[in-house]
Structure formats: structure tokens, C-alpha cells
Amino acid sequence: MSDKQTITEKIFSRAAERPVKAGDFVLANIDRAMTHDITGPLAVEGFYEIMRNEKEKKVWDPDKIVILFDHQVPADSLNAAQNHIMLRKFVAEQDIKNFYDIFEGVCHQVMPEKGHVLPGQLVVGSDSHTCAYGSLGAFATGIGSTDMAAVFAIGKLWFRVPETIRFEVNGRLGERVYSKDIILKLIGDIGADGARYKACEYAGDAVKSLDVSQRMTISNMAIEMGGKAGIIEPDSITEEYIKERVPGYKLDTDLKSDDGANYSDIRKYDVSDMPPQVACPHNVDNVVDVTEVEGKKIDQVLLGSCTNGRFEDLKIAADIMGDRPVAKGVRLLVIPASRTEYMKALKAGLVEQFMNAGALVESPCCGPCMGGSFGLLGPGEVCIATSNRNFKGRQGSADAFVYLSSPATAAASAIKGKITDPRSV
Amino acid sequence: MAGKAWKFGDDVDTDAVIPGRFLILNDAKDLAKHAFEGVRPEFKDNVKEGDFIVAGENFGCGSSREHAPLAIKGAGVKCVIAKSFARIFFRNSVNIGVPLLECKDADRIAEGDMLEVDMEKGIIKNVTKNEIYSSTPIPDFLMDIVRSGGLIEFTRKIVERKNRG
């Protein structure tokens, strides 16, 4: 048996305090646990249920827990308001300092942004897109509320150490082609369950050349091919990002997959000639070149979400739109992923530009991406979104149609009123 | 006692099980009133205690929302039988005690077939077609959690062991 390990096996070996390999079941120590206003209330109920016979009902480590409100902010119903009250009370009772109320932004943006995620950590979040933090070299995965209740109580959780699929992505992206197009291509190719139970490891020079914002997009969507994580070996780009948030941070250079580590599959891509990609309704793996759906009339454009709501994404869209207005009859919703990203957009003049173009610029939140709040689609309506899911009924009516794309394709479509190749405008 | 099979296809996602606008509800019975509302509105009104959900590959893909298996539990579904399950859905179901069986022969079961299931042995009997299928048993490690009555009970034991020596 080879002692060569994937980065995933290295992280689990540390977290389980023994050498492990793919397939092993472990009870692992959690470095950071994140929950939000949708899945948090059930986790809190579960925690008190576990602790019901204990005199001291305290979480294992309040400094390792992060709680954020992002899905229904500000509260859009009485129930949502009650859920918020319950979580605020829990935060106070448990002395949880890393609490971000309705104004801070989307969990998957705020977690890395505030320095809560470090390379090599085992991070869990009760949200499926927690895999986004793999962009910083953490093993980060989505769990349920009962899982989170157990983490709150003991700081440990059961896992099966996953096998790894290595995606080696090489080549140079063409003009107006981005990491969103890469990940859509990969998902379309392997299918919605192609990486089920596995860790996805993204490597190759095309991935190495991406900034952290672009890396977050491809890690975020590992779950859309069934993946448990979407991890990228941390490098100097990662180190720079972390150092700005955690002064003095120094990268452990051993934090990478060993040469000769065991992969369940290695898939190679050259993205040099790849056109922009679009996922068509109603599955994320229903992916085509943008040229195949060009001209499809749209009613709404969503520019935002934890996948593509950062300043860099808004800038790409703004540059493509220039001084052109949103097409007549089309609604453009712009939702920056966090307050920090919003402020950057504000200072750069993007908010003014979007509003002059006829867009609606919302405060940072998940928005219509999970379909619980405003901006929902009615029967028969068509939306192109920079978010991560186009499931039937996700953004409102089960008779609506959601296409997924990069911010560039979404912006080009917004000014034309129909799905448009961003290279053509 | 046999229950009726409700047949679904591949990649049934958690938004299909329980649409996002109902995630403000935390109670299994309340959630069950909206189960599959967008994609199969007749389910919530006609599902009976002891019925089965039968599906193809990757059942439960998508969100980590535990509201999805909770809605299924609230509807009184006895067991979900699928060719395969999405990872987080599988975890959540084990953790809250919704029985799952991974069965490669799930395609042989049709809508409305009457089924009897022996959970311990993982044997599925199709009463309508007079056929028997086997399924992949849950690994021992997870059976410990199931035998404890779910992850809440399992974790409570760990807490009590720690605090009482």
C-alpha cells in the first residue's frame, strides 16, 4: 500500500488524528462550523435535544462556530423573523462572536472574506455550497442540520474519507470566457452524479492562473456533479489572499497531493478553444455552447449569488454593458455577494452604472437563487442567472425556465433581451 | 403490510422534494403538506402512511436542506428505494432515521406496485409483480448510528460518556 496521499487524505489524517486513506470511516475533529438562517434553527433544536440531560448546555467551542443570516434577509415573513430571533438568542446564550446579522452578506462569501477559512482545515457548513472554500485549499463540505447539531455538541462528525477525481484543466481561456464556463463544461461532461461521494480536485495551469474569486466559482459548484468537496491546492495566490485577512499567515508547502497519490479518475481538459457555456433547464448538467441557445428570449437576469456575486463578477458584467441600457421588458437584478463586495462596486461606480442602465441593485443576500424570497419567476418566464442551480421550480414557478451562465454571458443577454454570446457584443 | 410505490426518475432534487419557499417551516408534518408540490402536486394529498418512494439514480441531489427528508418522514413514507442517493441527502436521512435502500433493480418497480420490505435484511418484495429484489446493506459504522436511534441519540451518548466518565 502506497503511503502517498491526496490532499484530502492528508487533511482527514490530521482531523482524525491517525493516517487514513479513501474509504475509511472516521470521526473527525472539525476546525470550523458554519450555519445560516435556513438550516440553523433545526441545528439549534437538535443541539438542545442532544444536551437535554446536561446541566451545562454549552457548545464545544464558540470560537469555531460562525452564524450568518443570508437567505431571508431582511426577514420576509413572520416565520423567517422568528427563525432570526431564535438564532440571535442562541448566539447570545452561547457567546458566539462570529455572528453576522442581515447586513453582511452570503455565507460562502463572508466566510473566506473574514478569514474564517484556512488552507488544510476541515470545514463544515449546513449548506451544500460550502464546498466553495475548497478554493482556498480547505476540505469543506455541506452537511445537514442534525449533523450540525452533533458538531455543536462535540466538535466531531462522521465521514467516509472520499476518493478523489482529479480534473487537470490546461490551456488559456479565450476572451470573455471564465471559470464559470470551465465548471459548467466539467459538470456537463461528467453529469450531475458523476462525482457522487468523491472529492473533486481541480489542477492544471488554467486553474493555477485563476484569481481567488474565479477559483471560488469552480469550487462552489463541485456539489452540482455530486462532489463532496471541490479542492484546489493552495499556492502563492491563496497565501496572498489569506495574509490580507490573517496577518502573518504562512502557507504549509506540504499541503498538496503527493506525486503518485491514488485517484479514482484523472480527467484532462484543454480549455483554449472553449466557447462560453450555458446550463439549460432543468438540470445543471444540461450544458451547451452558448451559440446553441443564442436568441432565446429572456424576462429576467440574475447577476449575483455565492457563485458569481463578487466585485470581479460585477466588473466583468459592467464592462460588457458599458453605457448600454437593460433591454426593454427585461429585469436585471444585481445582488452583490457581500457588503464588502457591494462597497467595492459602489466606490468603483458600478452601482450607479447598473442603476442608470435600469437594473435593480439589491442589498447582499441569496436573493431568488434559492427561491424563498423576492425576485421569483412566474409561469412561463425565462431567466438567465449567474447562480448555481436551475432545478425546476427553484426560482419560483415550476413552469419557469432558468439558464445558468457566467456574468459576461448574463450581461450580454441583459442588454440584448435574449441569450447572447458575450464575444458578439 | 404492503404499501404503494410512488415512482420517480433520476436526479430528483431537494427543490423538487420541498420548494425553497417552505423552508421557513421546521416541522415534519407541516413540511409534508408541501412535499413534491411543484413537480407532483397529487403526492401530498394521496400519500398514505407506509407508502414507498422509488426512484432512479442520485435521489436527493442539490441542497443540504434537511427539510427534504423531514418532509418525506412527515408524509409517513416507510422507506425510499433508489438506484443511488446523493451524498448529503443520504447523510441527512441516516441522521434523522428515514430508512433508505440502494437497489439496482429499482427500475423493475412501477408506479402503484405494492411492496413489502424487510429493512434488516434489505429484501424488497414486489407483491404486485411477485418479484423479490435485494439491496445494498448500510455499512456497520452507520448501523451504529441507526441502532442508537439516529445521530442525536448517538451524540448524546458520547456527551454523557465524556461528562460522566
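- The name given to chain B in an unreviewed UniProt entry is 3-isopropylmalate dehydratase small subunit, with the source organism recorded as Methanooceanicella nereidis.
- Checking UniProt for chain B, the heading Sequence similarities (unreviewed entry) contains the comment "Belongs to the LeuD family. LeuD type 2 subfamily."
- In its Catalytic activity (unreviewed entry) section, the UniProt record describing chain B reads: "(2R,3S)-3-isopropylmalate = (2S)-2-isopropylmalate".

- As recorded in an unreviewed UniProt entry, chain A goes by 3-isopropylmalate dehydratase large subunit and comes from Methanooceanicella nereidis.
- On record in UniProt, under Pathway (unreviewed entry), the comment for chain A is "Amino-acid biosynthesis; L-leucine biosynthesis; L-leucine from 3-methyl-2-oxobutanoate: step 2/4."
- Listed under Sequence similarities (unreviewed entry) in UniProt, the entry text for chain A is "Belongs to the aconitase/IPM isomerase family. LeuC type 2 subfamily."

A closer look at the overall build of chain A
Then step 1. Summing up its helical and strand segments, chain A has 14 helices and 18 strands in all.
Then step 2. Relative to the globule expectation of 22 Å for 425 residues, the C-alpha radius of gyration of chain A, 21 Å, shows essentially globular dimensions.
Then step 3. By principal-axis analysis of the C-alpha atoms, chain A measures approximately 60 × 55 × 40 Å.
Then step 4. Buried residues in chain A amount to 65% of all 425 residues.
Then step 5. Sequence separation of 24 or more characterises 75% of the internal contacts of chain A that already satisfy a separation of 6 or more.
Then step 6. Carbon and sulfur atoms make up 48% of the accessible area of chain A, which amounts to about 14,600 Å² in all.
Then step 7. Charged side chains of chain A number 49 positive and 58 negative; the gap between the two group centres comes to 1 Å.

A look at the layout of surface pockets
Space left empty within the atom packing is revealed by a probe, the size of a water molecule, rolled over the atoms.
Then step 1. Of the volumes computed, that of the largest pocket is approximately 440 Å³.
Then step 2. What lines the largest pocket is a set of 21 residues, among which A:Phe25, A:Arg160, A:Tyr197, B:Phe90 and B:Pro139 lie closest to the centre.
Then step 3. Of all the secondary structure elements, the ones that give two or more residues to the lining of the largest pocket are strand S7 (156-160) of chain A together with helix H5 (87-96) and strand S4 (100-102) of chain B.
Then step 4. Broken down by class, the residue content of the lining of the largest pocket amounts to 12 nonpolar, one polar and eight charged.

Section: empty space enclosed by the protein
Then step 1. Tallied over the full model, the rule gives four cavities of 30 Å³ or more.
Then step 2. Here the largest cavity defines a volume of roughly 200 Å³.
Then step 3. Lining the largest cavity are 22 residues; nearest its centre among them are A:His71, A:Asp127, A:His129, A:Met370 and A:Arg394.
Then step 4. Counted by class, the lining of the largest cavity contains seven nonpolar, 11 polar and four charged residues.
Then step 5. For the second largest cavity, the calculated volume is near 150 Å³.
Then step 6. Taken together, 17 residues form the lining of the second largest cavity, with A:Ala192, A:Ile223, B:Asn58, B:Cys61 and B:Gly62 sitting closest to its centre.
Then step 7. Split by residue class, the lining of the second largest cavity holds eight nonpolar, six polar and three charged.

Points about the environment of B:Val17
All names here are of chain B.
Then step 1. Relative to the helices and strands, Val 17 resides in helix H1 (residues 14-17).
Then step 2. Separated by 55 residues in the primary sequence, Val 17 and Ile 72 have C-alpha atoms spaced 8.0 Å apart.
Then step 3. Sequence-distant contacts of Val 17, defined by excluding residues within four places in its chain, comprise Val 12, His 34, Ala 35, Phe 36, Phe 59, Ala 68 and Ile 72.

Let's talk about the interface of chain B and chain A
Then step 1. Tallying the contact residues gives 46 residues for chain B and 54 residues for chain A.
Then step 2. For the pairing of chain B and chain A, the buried interface totals around 4,100 Å² over both sides, and the portion due to carbon and sulfur atoms is 58%.
Then step 3. When residues of chain B are sorted by the area they lose upon contact with chain A, B:Ile24, B:Arg87 and B:Arg91 head the list and together hold 18% of the total.
Then step 4. Connecting chain B to chain A are four salt bridges.
Then step 5. In this structure, the salt-bridge partner of A:Glu54 is B:Arg164, at a minimum N-O distance of 2.9 Å.
Then step 6. Contributions of two or more residues to the side of chain B that touches chain A are made by helix H4 (67-74), H5, helix H6 (140-148) and helix H7 (151-164) of chain B.
Then step 7. The element that contributes the greatest number of residues to the side of chain B that touches chain A is H7(B), accounting for 10 residues.

Section: the sheet that holds strand S4 (residues 99-100) of chain A
Residue and element names in this part refer to chain A.
Then step 1. The five strands lie next to each other as S4-S3-S2-S5-S6, forming an open sheet whose pairing is parallel. Each edge of the open sheet carries a strand with a single partner, namely S4 and strand S6 (139-142).
Then step 2. Contacting strand S5 (122-125) and S6, helix H1 (residues 7-16) crosses the sheet at an angle of about 90° to S5.

Looking at the side chain of B:Asn95
Then step 1. Tracing the backbone shows B:Asn95 in helix H5.
Then step 2. Among residues more than four places away in sequence, those in contact with B:Asn95 are A:Thr146, A:Asp147, A:Trp158, B:Gly150 and B:Leu151.

What counts as what
- Residues numbered from 1 in each chain as written.
- Chains lettered and ligands numbered in written order.
- Predicted model: local features only at pLDDT ≥ 70, side-chain atom pairs only at ≥ 80, totals over all residues.
- Heavy atoms only, no water.
- UniProt positions renumbered as here; feature names shortened; annotations may be inferred.
- Helix = DSSP H or I, 4+ residues; strand = E, 2+ residues; numbered from the N terminus.
- Rg over C-alpha atoms; globule rule 2.2 N^0.38 Å.
- Buried < 20%, exposed > 50% of the residue type's maximum accessible area, 1.4 Å probe, protein only.
- Contact = heavy atoms within 4.5 Å.
- Areas by Shrake-Rupley, 256 points an atom, 1.4 Å probe, with all protein chains shown as cover.
- Lys, Arg positive; Asp, Glu negative; His and termini not counted.
- Charge placed at Lys NZ, Arg CZ, Asp CG, Glu CD.
- 1 Å grid on protein atoms, 1.4 Å probe; cavity = no way out; pocket = protein on both sides within 12 Å on 5 of 7 lines; lining within 4 Å.
- Points joined across faces, edges and corners; volume = space filled by probe spheres on them.
- Nonpolar A, V, L, I, M, F, W, Y, C, P; charged D, E, K, R; others polar.
- Buried area = accessible area lost by both parts, 1.4 Å probe.
- Salt bridge = Lys/Arg side-chain N within 4 Å of Asp/Glu carboxyl O.
- Pairing = 2+ DSSP bridges.
- Axes fitted to C-alpha atoms, helices over the stretch in contact; angles between N-to-C directions.

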